[in-house]
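# Architecture at a glance
Here's the letter readout for the chains.
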Amino acid sequence: MNKIYDFCELDEIRARQNKLIVNYVIYVLCFVVAIALACICIKNNILLAAIFFILLLFFALFSIVFWKIKYGLLKKRRLFLDDMESGKREDYVGIFEEMLSSLSDEDDFDTCVFVASNKKTNFLIHKQNRTCFLKGKKYHLLHVGNYVYQWKIIE
């Protein structure tokens, strides 16, 4: 059977997440030191207080962007792979009919349409893991929910 998802990627994602957390802690510590220095220097200087406030806003914006985008994307991918690895696998045998690419950029999955016993069934495959199914060929699929896990051609 041909696997679609590489679960070795889970260890890489966890390592990248840990590295991001460590980097973020270092940035927070540096920022605390900068705040302490700014508090010592500000005293009655309005210009320094304004610069300090701008730095504080920049750090808050950086934190939000960092956690919502960079860390959030890694977490989403890791959770998906965890679910695929630990989910209940079921068999399906059908003839491949067509691949429907998602039209929106927010949708991370393409839809594969298979036919078995004159009944169409849609399965999802992550866009990062494209496969080339041949139209009219019969396939044996292992799937977790509506997501294809493994496949092979039946001759």
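Located above this text is the structure these notes cover.
What you see is a predicted model; the values in this text were computed from it and never measured.

Mapped onto the elements, Tyr-149 comes out in strand 6 (residues 147–154). Tyr-149 gets classed as buried once you look at its relative accessible area, which sits at 7%. Between the C-alpha atoms of Tyr-149 and Met-1, which are 148 residues apart in sequence, the distance is 9.7 Å. Ignoring sequence-local partners within four residues, the contact set of Tyr-149 consists of Asn-2, Lys-3, Ile-4, Phe-7, Met-84, Arg-89, Leu-142, His-143 and Val-144. Within the structure, the side chain of Tyr-149 is placed 3.0 Å from the side chain of Arg-89, a separation counted as a polar contact.

Bringing the pattern of salt bridges into the picture now. Between side chains of opposite charge, a pair can form as their charged atoms come close. Within this structure, the stated rule accounts for four salt bridges. Taken together, the shared-partner salt bridges in this structure form one network comprising Asp-11, Arg-14 and Asp-82.

If you add up the space inside the largest pocket, you get close to 290 Å³. Surrounding the largest pocket, 14 residues form its lining, Leu-73, Lys-76, Arg-77, His-126 and Gln-128 being those nearest its centre. Mapped by element, the contributors of at least two residues to the lining of the largest pocket are helix 1 (9–42) and helix 2 (46–86). With five residues, the single largest contributor to the lining of the largest pocket is helix 2. Of the residues belonging to the lining of the largest pocket, the class tally is five nonpolar, two polar and seven charged.

The rules behind the values
Residues numbered from 1 in each chain as written. Predicted model: local features only at pLDDT ≥ 70, side-chain atom pairs only at ≥ 80, totals over all residues. Heavy atoms only, no water. Helix = DSSP H or I, 4+ residues; strand = E, 2+ residues; numbered from the N terminus. Buried < 20%, exposed > 50% of the residue type's maximum accessible area, 1.4 Å probe, protein only. Contact = heavy atoms within 4.5 Å. Polar contact = N/O pair within 3.5 Å; in protein donor to acceptor, adjacent residues only side chain to side chain. Salt bridge = Lys/Arg side-chain N within 4 Å of Asp/Glu carboxyl O. 1 Å grid on protein atoms, 1.4 Å probe; cavity = no way out; pocket = protein on both sides within 12 Å on 5 of 7 lines; lining within 4 Å. Points joined across faces, edges and corners; volume = space filled by probe spheres on them. Nonpolar A, V, L, I, M, F, W, Y, C, P; charged D, E, K, R; others polar.

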